[in-house]
Amino acid sequence: MYGRDPWGGPLEINATDSATDDDRSRNLQDFDKAALSRNLDETQQSWLLGPTEQKKKKYVDLGCIIVSRKVFKWTVGSIIAAALIAGFVTLIVKTVPKHRHHNSPPDNYTLALRKALMFFNAQRSGKLPKHNNVSWRGSSGLQDGKSDDSTMFKNLVGGYYDAGDAIKFNFPQSFALTMLSWSVVEYSAKYEAAGELSHVKDIIKWGTDYLLKTFNSSADSIDRIAAQVGKGDTSGGPDPNDHYCWVRPEDIDYPRPVTECHSCSDLAAEMAAALASASIVFKDNKVYSQKLVHGARTLFKFAREQRGRYSSGNEAAIFYNSTSYWDEFVWGASWLYYATGNSSYLQLATTPGIAKHAGAFWGGPDYGVLSWDNKLTGAQVLLSRLRLFLSPGYPYEEILSTFHNQTSIVMCSFLPFFTSFNRTKGGLIQLNHGRPQPLQYVVNAAFLATLYSDYLAAADTPGWYCGPNFYSIDVLREFAQTQIDYILGKNPRKMSYIVGFGNHYPKRVHHRGASVPKNKVKYNCKGGWKWRDSPKPNPNTLVGAMVAGPDKNDGFHDVRTNYNYTEPTLAGNAGLVAALVALSGDKSVGIDKNTIFSAVPPMFPTPPPPPAAWRP
C-alpha cells in the first residue's frame, strides 16, 4: 500500500516481505564464505544484524522555529553561564566594601591662589554684594564723587582701595586689572580647575565697572579723567584725610576729594589696556565686551592727543610716580590690537621710535623688571607671543624680532647663572636692588617666566639661547617655583608672606580695615591710632594679602607701623595671583593659544574663490 506523503511524494506504509525463513537460509548458503570472513562495513553489518536503535533527532522543534539541537544546547548553556556570572559579580559588588576614588589634593599654588583672590574681596569699595565672603567688611565710599563739588564725576562709587588705606589710585588699580585679565586669557582652564574662574571674573568686572565711571565712556572723545579718589596727605596736617585718619573705610565721614587730570597719557593708556584685556575675558558677553572696547579706544585716543604724565605736579608723585608714558603706549596699543584686530594699533606698538623712548634699547638697572610703573617687559613678552604663533612678518617683523630677542635676554637675567640681579642668602631675587617692598616685582617676574616657558612649549620649542648656551624651558619654571616657594614659606624665617597661608604668617598687617575691630564703635581719626600702634595681632585676618616682603638680608619685622614690611597692595597681589595660577595644577595644561587672537583677522589675504565650473 502506498499512502500520500505530506511533503508531496509516495510513502510505503506496509510493505510485507514475502520470503520465508527457509528461503533466507538457502540464500545465505549461496554467499561466498571467503567474502563473509572479511570485515564488513557499517552498512553491511546493519543489513546483517537487522534494524538498530533509532538515532536522536538532530533538530529541536520549538513550535515557532526549528533549530539545531547542538545550537540549542549551546544557547541554553550560555544563558545559564551568563546568569551565574552576573549573579556572582553582583554578589561581589554587594559584599565587598566600597572604596571611593578621591581626587589628589590641590597643590600649594592652588591653595594659595584661592586665598590670594580673597584679598580683592577685602579691598572692595562701594555697595558690597552678599557673596563678598569677608565678614568684617561692609559697604563704604558710597558718597565718592558726590562729596566733591569741584568735579564733574558725581558717581565714583565702587572700585578698589589701593593698599592699607582707603585711597583709590586708578593708575596701579588699572595695572592690577590688566594683570588679572592677562592671567585669565592665558590660563582660564587652570582657573576653572581650581574652581575660581567665576570668582576672578567677578573681581575684574568690579574694577572695570568702576573704571567706566571715571571718564565719559560713551563718548568718542574726552578731555579729562578722574585719576584718584581720596587724599593721602602725609604732612600731618589737621584736616582729616585717608592717611592721617586710621579708621575703617565703613566709618569714613570726612570729604574725599576727586583728582582729575587733563593730560595723563600714562594713566589713560593703562586704563585702555585694562579695559581692552578685560574685553577678551568677557568676549562671550558681547554687549559688555563691546562697551569695554569702546572705552579703551576713547581712552587711548585721549592718551595720544593729550600728552603728559598723570603724576606731574600732584600728590600721586609721592605714592605712585610715573616715570614715562611711552611704555604704556606700547602696552596699551598691544592690548587694543588683540581686542580689536585693528592693525593701526599693532603698527603703533611696533614703531621703533616709541620703543626707543620706552627704553627698549638702552637697558638700565631696572631693565626687564615689570611693575605698575614700567610695562615694557610685559609688552615685549605679549608681542613675542604674536611672533611665535602668528608670525605676521613685514612690516612688523623687525621690531617683533627685536622684542623677541630682548625677551630672551630678560629671561636669561632671571636665571641664577647670571649676575644681572643679586639674590638674598635665602634665594630671593633682588629685582629692585635691595630697596624695600621687593615681592611685588618678584611675583611679576615669576609670572612672566612661567608664561614664556609655556609659550615656548606651545610652540614646540624646547628652550632658548643665552649667549652660546642653550637652556631648557624647565629652568624658567624652576626659577618661578623657587621664588613663589620662598614667598609661601621656603625661606630662612620659615614664614609665609601671604596672610592666612600656612601656620606662620604676618599677623600685624599695615591695613586699617584689618587692624580696627568691628565692634560697633566708631573711632575718629586719632581714636584709631591706638589700633595702629598696638603690638597685638590684627583682630581681622586679611586673608590672601601678600605683604611688602623681607629686606635684602631676608629679615622681616612684623610691625604694623612699618609699611615697608607689612603693607599689601593691589598691584602686588595681582602679580601674585597671575604667578600662582600659572604654576598651579597639572603642568601639562598650558596656555590657551587661541582666545587672545579671537579678534585678530588672518595675517594674509584669503585666496579668491575657485572659478565656476566650465560649461560648453
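Scroll up to find the structure.
Overview of the structure. (Residues numbered from 1 in each chain as written. Predicted model: local features only at pLDDT ≥ 70, side-chain atom pairs only at ≥ 80, totals over all residues. Heavy atoms only, no water.)

### Section: the environment of Lys115
Part 1 of the argument: Secondary-structure assignment places Lys115 in helix H5 (residues 108-122).
Part 2 of the argument: Sequence separation between Lys115 and Gly500 is 385 residues; the distance between their C-alpha atoms is 7.4 Å.
Part 3 of the argument: Look past the residues within four positions of Lys115 in its chain and what remains in contact with it is Gly500, Phe501, Val543 and Gly544. (Helix = DSSP H or I, 4+ residues; strand = E, 2+ residues; numbered from the N terminus. Contact = heavy atoms within 4.5 Å.)

### Focus: the state of the cysteines
Part 1 of the argument: In the structure shown here, the tally under the stated rule is 3 disulfides.
Part 2 of the argument: Two residues, Cys245 and Cys525, share a disulfide whose sulfurs are 1.7 Å apart. With the S-S dihedral at roughly 60°, the linkage between Cys245 and Cys525 falls on the right-handed side. Here Cys245, found in the loop between strand S6 (225-229) and strand S7 (258-261), pairs with Cys525, found in the loop between helix H18 (512-515) and helix H19 (529-532); they are 280 residues apart in sequence, far enough to count as distant.
Part 3 of the argument: A relative accessible area of 15% places Cys525 in the buried class.
Part 4 of the argument: Covalent S-S linkage joins Cys412 and Cys466, the inter-sulfur distance amounting to 1.9 Å. (Disulfide = S-S within 2.5 Å. Buried < 20%, exposed > 50% of the residue type's maximum accessible area, 1.4 Å probe, protein only.)

### Structural notes on H5
Part 1 of the argument: Here H5 spans 22 Å end to end across 15 residues, near enough to the 21 Å set by a 1.5 Å rise per residue.
Part 2 of the argument: With 11 of 15 residues buried, H5 lies mostly within the body of the structure.
Part 3 of the argument: Those residues of H5 not exposed but buried are Tyr109, Thr110, Ala112, Leu113, Ala116, Leu117, Met118, Phe119, Phe120, Asn121 and Ala122.
Part 4 of the argument: Tucked into the core, H5 has its buried residues touching helix H6 (170-193), helix H7 (197-211), helix H17 (474-488) and helix H21 (570-583). (Expected span 1.5 Å × (residues − 1).)

### Here we look at the packing of aromatic side chains
Part 1 of the argument: Applying the stated criterion across every chain yields a total of 31 aromatic pairs.
Part 2 of the argument: When the ring of Phe119 is compared with that of Phe120, the centres are 5.8 Å apart and the planes differ by 75°; the resulting orientation is edge-to-face.
Part 3 of the argument: Owing to a relative accessible area of 0%, Phe119 belongs among the buried residues under this scheme.
Part 4 of the argument: Centre to centre, the rings of Trp182 and Trp335 are 5.9 Å apart; their planes meet at 85°, and the pair counts as edge-to-face. In this pair, Trp182 is assigned in helix H6 and Trp335 in helix H11 (residues 326-340), connecting sequence segments 153 residues apart.
Part 5 of the argument: Taken together, the aromatic side chains of Trp182, Trp331, Trp335, Tyr337, Tyr338, Phe447 and Phe597 make up a single cluster linked through ring pairs.
Part 6 of the argument: Between the NZ or CZ atom of Arg124 and the centre of the ring of Trp206, over which it lies, the distance is 4.6 Å. (Phe/Tyr/Trp six-rings, centres within 6.5 Å; stacked < 30°, edge-to-face > 60°. Lys NZ or Arg CZ within 6 Å of the ring centre and 35° of its normal.)

### Structural notes on the sheet that holds S6
Part 1 of the argument: Here we have 3 strands laid out as an open sheet, ordered S5-S6-S7, and antiparallel in their pairing. Edge positions in the sheet fall to strand S5 (168-169) and S7, since each of these pairs with one other strand and no more.
Part 2 of the argument: Summarising the sheet, S6 and S7 pair through 4 bridges and their orientation is antiparallel. Bridge pairing in S7 places Val229 opposite Val258. (Pairing = 2+ DSSP bridges.)

### A short note on the pairing of S6
Part 1 of the argument: In terms of burial, S6 is a largely internal element, 5 of the 5 residues being buried.
Part 2 of the argument: Alignment of S5 against S6, held across 2 bridges, turns out to be antiparallel. Paired with Lys168 across the two strands is Val229, which belongs to S6.

### What about a nonpolar patch on the surface?
Part 1 of the argument: Taken together, the side chains of Val76, Ile80 and Leu84 define a hydrophobic patch exposed on the protein surface, amounting to about 270 Å² of accessible area.
Part 2 of the argument: Mapped onto the elements of the fold, Ile80 is located in helix H4 (residues 69-95).
Part 3 of the argument: According to the relative accessible area criterion, Ile80 is partly exposed, its value standing at 48%. (Patch = residues over 30% accessible without salt bridge, like charges linked within 9 Å, V, L, I, M, F, W, Y side chains within 5 Å. Areas by Shrake-Rupley, 256 points an atom, 1.4 Å probe, with all protein chains shown as cover. Salt bridge = Lys/Arg side-chain N within 4 Å of Asp/Glu carboxyl O.)

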